[in-house]
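Here is what each chain is made of, one letter per residue.
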Amino acid sequence: MSVAELVGTFRNGVHPHENKEQTENFPIARMAFGKIFTLPLSQHLGAPSKSIVEVGQTVFRGQLLAEAGGYVSANLHSPVDGKVITIGPRRHPRGDLATCIELEADPFSTQTINASPQNDPMNMSTDDFVASIQDSGLVGLGGAAFPTHVKYKLPEGKTCEHLAINGCECEPYLTCDHRTMVERPEAVVRGITIAAKILGAKKTSVGIEKNKPDAIAAMQEATKNLDDIEVYPLKVKYPQGAEKMLIKAIYGIEVPAGKLPLDVGVVVNNVATMTQFADWFDEGLPLIERVVTVAGTAIARPANLIIPVGTSVREVLDFCGLDMNTQQVIMGGPMMGMPLSSLDVPVLKGTSGLLAFTEAPKGHQNTLACISCGQCLEACGYFLNPARLAKLAQARRWDELDDFYVNDCMECGACSWVCPSSIPIVQLIRTGKGALRELKANQQA
Ligand code: SF4
Ligand code: SF4
């Protein structure tokens, strides 16, 4: 039996109901262009980008609107032909006000993009490649929105042996990566070929959970003549898409606490990021639109839609038929996504899903006392003690959180999901991490 025939996974984790049947068999469709587009300058990890346009200026689809505000930052391009109508504070999906460039689409434009291929990435130096990817505005499309180019500049002394491609899509409801692998396997492979060449990776492994047999088949077919790319069917488990969990599942390697994937010779990227490499280098398309899963019990017409970045969430949900009795809307997946307090916020580069539900979300029930059942410990793939971390955070004993490796928590929410007492463990840990950061900054100052 070859390694690829084994079904790998990591230790611990949870298995929430997958709920993928609403959209997993629907081909990706394109949503009609809206009228107003709102583009926050901060929609990635790192420094916000800096606007280079003025109010009243006419812009075209794909034009650079804002430059990266530092090395860990990303460019921002116009998703439409149109006009800049404001640059100022607008509601951000995370709830606060943030500086945004607001565009009015040209109603007479066909919104076709005038782009041409970039230089051949297979003959580029690493520095040129990194600069080109930063130009494209590409950020991780799996949700965290970390500027992609940063991963491709390996620090001195580090090498990449393996490129691991995340095709797990382990969050319930989301199927945008699944459909991308089924419909565009050649683009995923093209992106992998480019990425592996730049990184000098000897082998690429594509990890796909086995609840996506058609995606596994499509990727196996697309890679059948490529010895350096292998498709790994993985057991269905959450949070297998987390970098350290994926590395454990595919290679059996534990990334030590406080270390990064590159410390064990691995770089991890999402499948959608690979298609974006192909789109940028072969067609010159910057990151101005993405595939978003729209689903949930409050959605009449669930879909996977190509949506221009900056489109209003309200417009998307109306397009898919939002129930009058909607109780909650989440941007992203139900485990790690962001509950929205307003629908008048834009789709971001990192928006993988828009989910709407008619029932009250789990976690809004009454919180009971911890019964020391240990289920949260068994759920945590990082072998943390979530109950202890939550108790310390609740008691505001911030300095003790470090002793229990709080910064290794990737806020996956598996502990909260299993807790029979409905304790908002991950929210408490998140608060604790923030307070500890502040405490340390004050101590340093
Ligand atoms: S949220 Fe943090 S503590 Fe809870 S299971 Fe995930 S990694 Fe572990
Ligand atoms: S799962 Fe909840 S009740 Fe059980 S030990 Fe963890 S925090 Fe306590």
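Residues numbered from 1 in each chain as written. Chains lettered and ligands numbered in written order. Predicted model: local features only at pLDDT ≥ 70, side-chain atom pairs only at ≥ 80, totals over all residues. Heavy atoms only, no water.

Caption draft 1: Up close: the site of ligand 1. If you check the shell around ligand 1, you find Cys 380, Tyr 382, Pro 386, Cys 409, Met 410, Glu 411, Cys 412, Gly 413, Ala 414, Cys 415, Val 426 and Ile 429 and nothing else. Judged by the fraction of its atoms near the pocket grid, ligand 1 is located in the largest cavity. Elements that contribute at least two residues to the shell around ligand 1 include exactly helix 11 (414–418) and helix 12 (425–444). Grouping the amino acids of the shell around ligand 1 by side-chain chemistry returns 10 nonpolar, one polar and one charged. (Near = heavy atom within 4 Å. 1 Å grid on protein atoms, 1.4 Å probe; cavity = no way out; pocket = protein on both sides within 12 Å on 5 of 7 lines; lining within 4 Å. Sits in = over half its atoms within 2 Å of the grid points. Helix = DSSP H or I, 4+ residues; strand = E, 2+ residues; numbered from the N terminus. Nonpolar A, V, L, I, M, F, W, Y, C, P; charged D, E, K, R; others polar.)

Caption draft 2: Quick peek at the nonpolar core. If you look at the biggest cluster of nonpolar residues, it comprises 39 residues, and the most contacted ones within it are Phe 129, Tyr 152, Leu 163, Ile 192, Ile 208, Met 274 and Phe 277. Put simply, the parts of the chain that give this core at least two residues each are helix 1 (126–136), strand 9 (162–166), helix 3 (185–199), strand 10 (203–209), helix 4 (213–222), strand 11 (229–234) and helix 6 (271–283). If one sorts the elements of this core by residue count, helix 3 sits on top with eight residues. Counting 24 residues, the second largest nonpolar core, distinct from the first, contains Val 406, Cys 409, Cys 415 and Ile 429. (Core = buried A, V, L, I, M, F, W, Y, C linked by side-chain atoms within 4.5 Å. Buried < 20%, exposed > 50% of the residue type's maximum accessible area, 1.4 Å probe, protein only.)

Caption draft 3: Region of interest: the packing of aromatic side chains. Summed over all chains, the structure comprises five aromatic pairs. Ring geometry for Tyr 173 versus Phe 357: centroids 5.2 Å apart, planes at 70 degrees, classification edge-to-face. Of the two residues, Tyr 173 sits in the loop between strand 9 and helix 2 (176–183) while Phe 357 sits in strand 17 (residues 353–357), which places them 184 residues apart along the sequence. Assessed through its relative accessible area of 10%, Tyr 173 is described here as buried. Connected via pairs of aromatic rings, a cluster forms that spans Phe 129, Tyr 152, Phe 277 and Phe 281. (Phe/Tyr/Trp six-rings, centres within 6.5 Å; stacked < 30°, edge-to-face > 60°.)

Caption draft 4: Spotlight on the site of ligand 2. Taken together, Cys 370, Ile 371, Ser 372, Cys 373, Gly 374, Cys 376, Ala 387, Cys 419, Pro 420, Ser 421, Ile 423 and Ile 425 are the residues near ligand 2. Partitioning the shell around ligand 2 into residue classes produces nine nonpolar, three polar and no charged.

Caption draft 5: Spatial organisation of the domain arrangement of the protein. As assigned here, the protein comprises domain 1 (3–25 + 117–283) and domain 2 (375–444). Computed from C-alpha coordinates alone, the two centres of domain 1 and domain 2 are separated by 28 Å. With 15 residues of domain 1 in contact, the opposing surface of domain 2 contributes 13 residues. Connecting domain 1 to domain 2 are zero salt bridges. Across the domain 1-domain 2 interface, the total number found is five residue pairs in polar contact (both at pLDDT 80 or more). In terms of residue class, the side of domain 1 that touches domain 2 is made up of eight nonpolar, four polar and three charged. (Domains from an automatic or database assignment. Contact = heavy atoms within 4.5 Å. Salt bridge = Lys/Arg side-chain N within 4 Å of Asp/Glu carboxyl O. Polar contact = N/O pair within 3.5 Å; in protein donor to acceptor, adjacent residues only side chain to side chain.)

Caption draft 6: The arrangement of the packing of helix 2 against helix 4 in detail. In contact at an axis separation of 8 Å, helix 2 and helix 4 are set at 40 degrees when each is read in the N-to-C sense. Of the possible angle classes, the one that applies to helix 2 and helix 4 is oblique. Relative to helix 4, helix 2 is oriented so that their crossing is left-handed. Contacts from His 178, Arg 179, Met 181 and Val 182 of helix 2 reach helix 4 at Asp 214, Ala 215, Ala 218 and Met 219. Partitioning the contact of helix 2 with helix 4 into residue classes produces five nonpolar, one polar and two charged. (Axes fitted to C-alpha atoms, helices over the stretch in contact; angles between N-to-C directions. Parallel < 35°, antiparallel > 145°, perpendicular 65-115°, else oblique. Left-handed = near helix turned anticlockwise from the far one by under 90°.)

Caption draft 7: View of the sheet that holds strand 15 (residues 328–331). Ordered by their spatial adjacency, six strands build an open sheet running 1-14-13-17-15-16, and the pairing between neighbours is mixed. In this open sheet, the two strands that pair with only one neighbour each are strand 1 (29–30) and strand 16 (338–339). The pairing of strand 13 (residues 289–295) with strand 17 spans three bridges and is classified as parallel. Bridge pairing links Thr 293 to Gly 353 in strand 17. (Pairing = 2+ DSSP bridges.)

Caption draft 8: Spatial organisation of empty space enclosed by the protein. Evaluation of the coordinates by the stated rule reveals two cavities of 30 Å³ or more. Quantified by volume, the largest cavity comes out at close to 100 Å³. Forming the boundary of the largest cavity are 14 residues, of which Cys 380, Leu 384, Cys 409, Cys 412 and Cys 415 lie nearest the centre. What the second largest cavity holds in volume is close to 50 Å³. In terms of lining residues, the second largest cavity is bounded by Val 14, His 15, Pro 16, Glu 18, Lys 20, Cys 170, Pro 172, Glu 209, Asn 211, Val 236, Lys 237 and Tyr 238. (Points joined across faces, edges and corners; volume = space filled by probe spheres on them.)

Caption draft 9: Structural context of the side chain of Asn 270. By secondary structure assignment, the location of Asn 270 is in strand 12 (residues 266–270). Separated by 3.2 Å, the side chains of Asn 270 and Asp 177 make a polar contact. For Asn 270, the contacting residues outside a window of four places in its chain are Gly 142, Ile 165, Asn 166 and Asp 177.

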